[in-house]
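Fold and geometry: a report
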Amino acid sequence: MAFPEGFLWGGATAANQCEGAYLADGKGLNTADVMTAGDVNTRRRITDGVIEGENYPSHTAIDHYHRFREDIALFGEMGFKTYRLSINWARIFPNGDDTEPNEAGLAHYDEVFDCCREHGIEPLVTLSHYETPLSMQKFGSWKSRKAVDCFVRYAETCFRRYKGKVRYWLTFNEINCMSMMPWTAGGVPNDADEQTRMTAAYHQFLASAQAVQLAHQIDPENKVGMMYGGIFSYPNTCDPRDVQANDEFMRTMMFYPDVMVRGYYPAYKLREFERKGIVLPQQPGDAELLKAGAVDFLSYSYYFSMVVGQKGEGMDVSMGSPETGYTNPYIPQTPWGWSIDPYGLRHSLNLFWERYQVPLMIVENGLGTFDELVEGPNGVPTVHDDYRIDYLRQHIKAMKDAIEIDGVDLMGYTPWGCIDLVSAGTGEMKKRYGFIYVDVDDEGRGTFNRYRKDSFYWYKKVIATNGEDLG
């Protein structure tokens, strides 16, 4: 048997992509709340506040805020061992820098976590998943060290309030997105220069390290992980210049887990800063803090692999589809231009295991594509999504090989969008990932009814057999 006893099967969401209720119960605005809808050809816009008549997908999403009991019951029916979700920071501290938390927001997540426990589900909670309070713009958000204090206050509040209810935590979702999409990652303008991005990343590293230490002090049972946005690439050819170009590209991403898992900046990044004249805003004690606040495990998303060569000019993610200028002729792509490469998942698991020797977890993986709701048995609507089942089957097989053949320590798997939700990259609903279909369209219209897809029953069987029956 490949998957270990106690393997954490489950699914993943993010508050800004599923909760809706964007101003309910004292919540403040966050960075996602001023991002308009887009599509595969139209980038999402960031507006100066909320503008009447614009379509902001986070405002309604799938209304998980009011329907979480129904949704978590469906997760329980599938047999989830864990549910990865995020706390919307602006529900707890509406302005980010408030001195006292919003009790209504805290109480809401008490109910969510209690509901998870009632269904035998272990919450896996991301503290910051593309949900930086918008009011923090007044001091420059993560460009300012003040953001560190705001986050640490927020994290400590959550650790104390939910002690005994939550034991697995992630600090920042896809933290390396600060290099690619800084507004999404932390409310830093997307046109910010590299000095600004690296300053913001440094502040997030410090905030995470302090949070790790606090989590361990408040409850020794807490485990805190980092979350890497799954950028993995192959060299375009075996030409040594392509291999070197790919190595250099990967270093722009890999220094994030290097800092958070090892507790210090790698030499290659420090030399790069010297060449570029980038200066980190270091203060006495920072180096010791980063070391003491190294994470307990490494989690990451994996959707696709990329190709990089010597003539590449970095990466463009403006339409939510990462593009390096190279394509891989050996693997297919989704309608949104994301490659489908289960072999790359096994490669990534080995890359991280050999590099860090800490437990790993895949906390996002899935196929975002069009689904058609049709009449099912007994007249109940469903989706015949064999294509999704095939995608997930191949990726679970890759994880199984990494454990069984390669000896990787993998602790869990939470496919993305276990229930249909808003796409972060494009703001669409029609780019669907879930095992559960939600009847709502890109404009927020629909019944919001939930329907089990074919993949719902398939994944239920996978969990029941601990990954042995993938048929």
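Here the structure is a predicted model, which is why all the values come from computation and not from measurement.

What to know about the pattern of salt bridges
The full count for this structure, using the stated rule, is 39 salt bridges. Connected via shared salt-bridge partners are Asp371, Asp385, Arg388, Asp420, Arg432 and Lys453.

Notes on the layout of surface pockets
In this structure, the second largest pocket encloses a volume near 250 Å³. If you trace the second largest pocket, you find 18 residues lining it, with Ser305, Pro322, Tyr326, Gln333 and Gly337 closest to the centre. Split into classes, the residues belonging to the lining of the second largest pocket amount to nine nonpolar, eight polar and one charged.

Digging into the sheet that holds strand β9 (residues 360-364)
Strand pairs in the sheet, formed through backbone hydrogen bonds, run parallel or antiparallel to each other. Taken in spatial order, the eight strands line up as β1-β2-β3-β4-β5-β7-β9-β12 and close into a barrel, and their pairing is parallel. For this sheet the average axis-to-axis angle between neighbouring strands, irrespective of direction, equals 30°. In terms of strand pairing, strand β4 (residues 168-172) meets strand β5 (residues 223-228) through three bridges, oriented parallel. Paired with leucine 170 across the two strands is glycine 225, which belongs to β5. Here helix α4 (residues 103-118) sits on the sheet in contact with β2 (82-86) and β3 (122-128), set at roughly 150° to β3.

Points about the packing of aromatic side chains
The tally for this structure, following the rule as stated, stands at 38 aromatic pairs. An angle of 90° between the planes, with centres 6.1 Å apart, marks the rings of tryptophan 9 and tyrosine 413 as edge-to-face. With tryptophan 9 in strand β1 (residues 8-12) and tyrosine 413 in strand β12 (residues 410-413), the pair connects residues that are 404 residues apart, well separated along the chain. For the pair shown, tryptophan 9 and tyrosine 413 are each scored as buried. Members of the aromatic cluster, joined through ring pairs, are Phe3, Phe7, Trp9, Phe75, Phe80, Tyr83, Tyr413, Phe435 and Tyr459. One residue, lysine 431, lies across the ring of tryptophan 338, its end atom 3.9 Å from the ring centre.

Basis of the calculations
Residues numbered from 1 in each chain as written. Predicted model: local features only at pLDDT ≥ 70, side-chain atom pairs only at ≥ 80, totals over all residues. Heavy atoms only, no water. Salt bridge = Lys/Arg side-chain N within 4 Å of Asp/Glu carboxyl O. 1 Å grid on protein atoms, 1.4 Å probe; cavity = no way out; pocket = protein on both sides within 12 Å on 5 of 7 lines; lining within 4 Å. Points joined across faces, edges and corners; volume = space filled by probe spheres on them. Nonpolar A, V, L, I, M, F, W, Y, C, P; charged D, E, K, R; others polar. Pairing = 2+ DSSP bridges. Helix = DSSP H or I, 4+ residues; strand = E, 2+ residues; numbered from the N terminus. Axes fitted to C-alpha atoms, helices over the stretch in contact; angles between N-to-C directions. Contact = heavy atoms within 4.5 Å. Phe/Tyr/Trp six-rings, centres within 6.5 Å; stacked < 30°, edge-to-face > 60°. Buried < 20%, exposed > 50% of the residue type's maximum accessible area, 1.4 Å probe, protein only. Lys NZ or Arg CZ within 6 Å of the ring centre and 35° of its normal.

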